[in-house]
Amino acid sequence: MEEMMGVSIPPIFAQLRNARSYLEQANALRALKNDTIGHSQRKEKWVEYGILEPLVKILYSSRSPARSNSKESLPGRAEPPRALAHEELVRLLCLQLLASFASGGPAYLPPIYAAGAIPVVYENILAPENPPQVVLAALRVFSDFADAARLAPPKSDYTNVLSDTLFGSRYLDTLCAILDSDLTDQVALEQKHLVASLIGRLCREKRHQNALAGAGLLDALATMLAAFVVARGEVVPGAELMGQADGLDEMIPGPAPRGASLAVVLEAIAAIIAGSRFRACLFMSSPAIIAVFAVAEFSPPAKETKAAWNTLEMSGLGHPRARGAIDYLLPVVPITQPRSLSSQFAQFPPLGYALSRESLASATRPGLSQYWSSPKFDSPISNSEPEADDPESPLIPWLINLTRATGGLERAMAASVLASLFKAGFANPEREAAVSHLVVPLLYQLLKDHIAENAPAGQSQYVTSVQQETAVAWAILEQAPEVMARLVADSEFLQEAARECGVLEIACSLLKHTYEPMEEQSPPRPWSPNPDRGIDSSEGLATCRIGPPGQLPFYAHTIKMRESSLKLVAAMGTFKEDYRKELVEQEVVQYATQSLSSKPTRPLTYSEMLRLEKDKTADVGDRATFPYGLNPKPVIIAACHVIRTLSRSTSNLRTVLEDNKVAMPIFRLLRHSDAEVQIAACSAVCNLLTSVSPMRKTLLDAGILKILCEHAHSLNPGLRLNSLWALKHMVQGADIKTKKDALEELESGWLIQLICDDTEDEALHARMMQEQRDFPDADNDEDMDTEVLTSSAAAGSASSSPYEDNSKPWLWPAIHRDTGYSRSSRRFASSPRMQKVEAKLATLREQEVNPTRKARNDDLAIQEQAINFIRNLTGPPTEDVTDMVDYVFSELGEGRLFDILASKLRVRVLHPFARRSSARGGLNSESRVLYPQANIITAVVYLLVHIVASVPRHRQLVIAQTELIKQLGHHLSNKDIGVRRALCQFFINIVWKQDDATDLQAAYQRAQELKKLGFLAKLEGMEQADCDLEVRQKAKEAAEHIKNNNHGGSTSSNGSSSNGSGSSSNRS
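For clarity, every value in this text was computed on a predicted model and none was experimentally measured.

Enquirer: Can you help me understand the overall build of the protein chain in this one?
Expert: Tallying secondary structure elements over the protein chain gives 57 helices and five strands in all. Accessible surface, the protein chain: about 41,900 Å² in total, of which carbon and sulfur atoms supply 51%.

Shown next as structure tokens:
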């Protein structure tokens, strides 16, 4: 064969093909390597010759025999580097050549993938006989693949394919063994660096995060971080002595070797724990972390240091508590405000793409979903404070100190890990003050210092490779805004600190900078005598054909920075109206509007838009070359979040959002092909459909009602939830025709099904019973809404520890790998403190990983919004209330609706006649009590408030539902303040007397019925003893209405559905 694809074959190819020994192959491969490395045109020619497929075949045929991944045969246990045999040298040269081709850019990925290189390369990491040099070369190939995949065209799937392969269950033990290796030579060090770097770059999906945590890689990374703590000399004094009782004294690692990268380890940890309370807790509970960060009170030798803290506590600016040694590394910071959300958002949580909805939408990438607030169900993450008996880990102040003591990418990554732990609720309340003074200003300064590195002069933005210093500066500008956004999104106090530093202005500046036009977005093709061949050519085999050129590094960086700056802009506007006003003044709306489009044009001011409407020839950017880039899915979702945040302001709805015509771009996204974008668009459109929005009519005329109702029938729970939320806002304050059209389009039968769907309760119960039978010592109790009818089994003994029966393989795998059944391991397993940590981890894991529990939470959230949809159907305008109540009764069925509402208030017992344990320590009962959720109760009560606020016959109809009224009375002592407020408003409305005399007798009868049921005494008790002032006032008002109702009593004008009982229209 002398020709291939019409060109002459070089002698090297024939030499490689005809080699009769590994030595001859090695010589040919070495010649090929010398011919290609550093020469892009020669690489392209060799691909056209078809060299990739022979390379993969040689790599496969020269591999070591496969063996099981036993503890004795993992690469991490390998010997230090040695001289290579001929077949090993062949593999090494093949891997180096594949890495060279991959370094040519994304254009080489299609032929490499077509040649089947990915699984074959990974075999060289798996095989136990592979020497360290070969394993390192294979990891370098994957690193080059990851770099090229980042620059691939937006619609390519190379990154996902690579991460699916790298983080597959078959290979995780191998990666873990590499990180766990005790070798400290340069080759082993670089292997660890590459594995951690690949995790940080590729681990974005929840399934990968859980897989890495469950396989022990998170534990291994935590041990590496502990080694840095040892190397820095910052282990808590006396930690080894304190750890002896728990078997932790042997868990303190040796110091990290010189040259190890702390930033890479922190980035990998941040990638795994992002968006998960369970994974964050698993990281903090790693034996090495607990060992080096022992919790103990510490008295500094310098009395002046402790005196400063004592002075703050005496003046009321400090929190009196025991302080550890790491606390004294930090400056003294006064506590000026407790960590809490504003009262407005505590009562009305922002709606949208919540963390529970993160599971609904499968939006597992932290950058897409972690800023959307969560409903009050069994959320996997909350901003709740640490439990009173759980002391804060010294890891928290150590990360704060590390942020202060380091710089560059290390500072950004330390803050990223801190943000995940902070949002997961593992920091003490006063840490918010420390973060606001010691972390937020440093992150701002980090951004400010590196902005100058972001704009390469002249032709440097068109280069296909960048210097390391520039790459680090770009990485900081891409990640620091996202870290800042995660820190401040849920804290009004931290947002104020960020604004005072100037974060708001710098976020807007970064966003505007990303819309500077770029003449070139793809690298130019090298000159070729055959310009029609090669790139984008459809001739020849896929393994011999170069793919599209991909993106320039500067362009990819610009798009990533656009995404992170949008997230920061949105995070800064979640609470205060003043901040949203400043964002509008910074003219970010037009940039956010363009970010809603996959093909943006030049952002226009309002005056420019007016001129454009008059002059159709005005320049808005070349639509053929897209000088402003192409927005991928993450940018579009982040832009939806910005619009949703800004639309919380009525002023913005009526002015700047209307002027910039954001309604139709959002509307078009409702038909996007990706479900995550549809969910984000539904959450963004919610506020645009409120009664105060002038865009409601535009959207209704465009046909949004039909689209939202279609989404409400979707199989995707996240889409159902957000579309119902939008429909709820759309019918609030709408005319009666729109309300009837909405109910007809949604279908009454489907609405009833959404409210009544409790099948997941049975499924969750069945799963928990099975787990209790399989693992009787596991902590499978429900959260606050369920409890077992009979006593559960006694706690298990130390002999049933997960270290012996391996019932929890995800729990600290390092114990198995390193110590097996050693004495230290047994002491660790039997330690009461560690058993408590284990129980907490098991509970958190159950809440997050159990799909049945998550599905149940999704159902509860959907039920709440479905009930609120009916509530708003029966709400204002006042003249339509009576007709709409009658219409709802006719469509849903009067009796059926009341029965459903009563069932939502009732305590349910699953399997009430199941076998019960006869003695303490017997089998767990299969009977279980499910208490109604506070959000569901509140929604039901306010729906009844709307019904009884109508005409007298509707109030008579409700008072006749004796069982329903009794169920309401059971919740007057509910611990949720919102439930008690709603019930008081209901009793006020139901005894209200209309101005005419016809309702006097009926109102008297209603009051007497309530007295007979004992509600007057309960309300009087609430008037005296309730802890909430508003509840006491409303209870007093309700009691007076009941007592003053008599045959000749005066009428009352306080029966309207007001004072918090109006339509469900809290703006997200």
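Enquirer: Even after reading the chapter, I still don't get the packing of aromatic side chains, so can you show me in this structure?
Expert: The description of two aromatic rings rests on the distance between their centres and on the angle between their planes. Scanning the model with the defined rule gives 14 aromatic pairs in all. Where Trp-46 meets Tyr-49, the ring centres are 5.3 Å apart and the plane angle is 90°; that geometry is what we call edge-to-face. On the criterion of helical spacing, the pair formed by Trp-46 and Tyr-49 is a turn pair, its members being three residues apart in helix H3 (residues 40-49). Here Trp-46 and Tyr-49 have matching classes, each one buried. Seen in terms of ring centroids, Tyr-113 and Tyr-158 are 4.9 Å apart; in terms of plane orientation they differ by 65°. Their pairing is edge-to-face. One end of the pair, Tyr-113, is in helix H6 (residues 109-114); the other, Tyr-158, is in helix H9 (residues 158-166), and 45 residues separate them in sequence. Taking the relative accessible area as the measure of exposure, Tyr-113 reaches 18% and is therefore buried.

Enquirer: Sorry if this is basic, but what is going on with the packing of helix H28 (residues 503-513) against helix H29 (residues 553-571) here?
Expert: Helix-helix packing: each pair is described by the crossing angle between the helix axes and the interaxial distance. H29 packs onto H28 with a crossing angle of 150° between their chain directions and a minimal axis gap of 9 Å. The handedness of the crossing between H28 and H29 is left-handed. Residues Val-503, Ala-507, Cys-508, Leu-510, Leu-511 and His-513 of H28 form the contact with H29, whose participating residues are Met-561, Arg-562, Ser-565, Leu-566, Leu-568 and Val-569. Residue composition of the contact of H28 with H29, by class: nine nonpolar, two polar and one charged.

Enquirer: So what exactly am I meant to see when it comes to the pattern of salt bridges here?
Expert: Two side chains carrying opposite charge are able to pair once their charged atoms lie near each other. Applying the stated criterion to the full structure yields 31 salt bridges. In this structure, the salt-bridge partner of Asp-327 is Arg-431, at a minimum N-O distance of 2.3 Å. In this pair, Asp-327 is assigned in the loop between helix H18 (303-314) and helix H19 (343-347) and Arg-431 in helix H24 (residues 431-438), connecting sequence segments 104 residues apart. Accessibility assignment for this pair places Asp-327 and Arg-431 in one class, buried. Where Glu-710 meets Lys-706, a salt bridge forms, and the shortest distance between an N and an O atom there is 3.9 Å.

Enquirer: I tried to follow the packing of helix H15 (residues 262-273) against helix H23 (residues 408-423) on my own but got confused; where do I start?
Expert: With their axes 8 Å apart at the nearest point, H15 and H23 run at an angle of 25° to one another. Classified by the interaxial angle, the pair formed by H15 and H23 is roughly parallel. Relative to H23, H15 is oriented so that their crossing is left-handed. The residues of H23 that touch H15, namely those facing Leu-262, Ala-263, Leu-266, Glu-267, Ile-269, Ala-270 and Ile-273, are Leu-409, Glu-410, Met-413, Ala-414, Ser-416, Val-417, Ser-420 and Leu-421.

Enquirer: Is there a simple way to think about helix H4 (residues 52-61) in this case?
Expert: Structural remark: α-helix, 3.6 residues per turn; residues separated by three or four positions point the same way. Buried within H4 are the following residues: Leu-52, Leu-55, Val-56, Ile-58 and Leu-59. With its buried residues spanning 160° around the axis, H4 presents them on a single face.

Enquirer: Would you take a moment to explain the nonpolar core for this structure?
Expert: The nonpolar side chains of soluble globular proteins are, as a tendency, buried together. By size, the foremost hydrophobic cluster in this structure holds 306 residues, and its most contacted members are Phe-142, Ile-199, Phe-283, Leu-421, Phe-986 and Leu-1019. If we ignore the near neighbours within four places in the chain, the residues touching Leu-1019 are Leu-972, Cys-984, Phe-987, Ala-1035, Ala-1038, Ala-1039 and Ile-1042.

Enquirer: Teacher, can you tell me more about the environment of Leu-860 here?
Expert: Following the sequence through the fold, Leu-860 ends up in helix H48 (residues 851-873). Once the C-alpha coordinates of Leu-860 and Pro-932 are considered, the two residues, 72 residues apart in sequence, prove to be 9.9 Å apart.

Enquirer: Sorry, what's going on with unusual backbone geometry here?
Expert: Across the chain, the bulk of peptide bonds are trans and the bulk of non-glycine residues have phi less than zero. With phi around 55°, Lys-661 is a residue other than glycine that occupies positive phi space. Relative to the helices and strands, Lys-661 resides in the loop between helix H35 (656-659) and helix H36 (663-669). Judged by its relative accessible area of 45%, Lys-661 is partly exposed. Of note in this structure, Glu-747 is not a glycine but carries a positive phi near 80°. One can find Glu-747 in the loop between helix H41 (736-746) and helix H42 (748-756).

Enquirer: Would you take a moment to explain the environment of Gln-479 for this structure?
Expert: Tracing the chain through its elements places Gln-479 in helix H26 (residues 468-488). For Gln-479, a relative accessible area of 21% translates into the label partly exposed. For Gln-479, the contacting residues outside a window of four places in its chain are Glu-267 and Met-413.

Enquirer: Looking at this model, I keep getting lost on H48. Mind explaining?
Expert: A rise of 1.5 Å per residue sets the reference length of H48, with its 23 residues, at 33 Å; its end C-alpha atoms lie 33 Å apart and thus fit the reference within 8%. Counted residue by residue, H48 has 20 buried out of 23 residues, so it is predominantly covered. The N-cap residue of H48 is Asn-850: its side-chain oxygen and the backbone nitrogen of Thr-852 are 2.9 Å apart.

Enquirer: So what exactly am I meant to see when it comes to the confidence of the model for the protein chain here?
Expert: As a general rule, the predicted coordinates of low-pLDDT regions are not to be interpreted in detail. In the predicted model, the protein chain carries a mean pLDDT of 80, and 75% of its residues have values of at least 70. Considering only residues more than four positions removed or in separate chains, one finds that residues 338-388, a stretch of pLDDT under 50, has 158 contacts. A low-confidence stretch, residues 1048-1061 stays under pLDDT 50, and its non-local contacts, those more than four residues away or across chains, total 38 contacts.

Enquirer: How should I be thinking about the side chain of Gln-191 in this particular structure?
Expert: Note on placement: Gln-191 falls in helix H11 (residues 186-202). Once residues within four sequence positions are removed from consideration, Gln-191 is found in contact with Pro-132, Val-135, Leu-136, Leu-139 and Ile-178.

How each quantity is defined
Residues numbered from 1 in each chain as written. Predicted model: local features only at pLDDT ≥ 70, side-chain atom pairs only at ≥ 80, totals over all residues. Heavy atoms only, no water. Helix = DSSP H or I, 4+ residues; strand = E, 2+ residues; numbered from the N terminus. Areas by Shrake-Rupley, 256 points an atom, 1.4 Å probe, with all protein chains shown as cover. Phe/Tyr/Trp six-rings, centres within 6.5 Å; stacked < 30°, edge-to-face > 60°. Buried < 20%, exposed > 50% of the residue type's maximum accessible area, 1.4 Å probe, protein only. Axes fitted to C-alpha atoms, helices over the stretch in contact; angles between N-to-C directions. Left-handed = near helix turned anticlockwise from the far one by under 90°. Contact = heavy atoms within 4.5 Å. Nonpolar A, V, L, I, M, F, W, Y, C, P; charged D, E, K, R; others polar. Salt bridge = Lys/Arg side-chain N within 4 Å of Asp/Glu carboxyl O. Parallel < 35°, antiparallel > 145°, perpendicular 65-115°, else oblique. Arc of directions from axis to C-beta. Core = buried A, V, L, I, M, F, W, Y, C linked by side-chain atoms within 4.5 Å. Expected span 1.5 Å × (residues − 1). Polar contact = N/O pair within 3.5 Å; in protein donor to acceptor, adjacent residues only side chain to side chain. pLDDT = per-residue confidence, 0-100.

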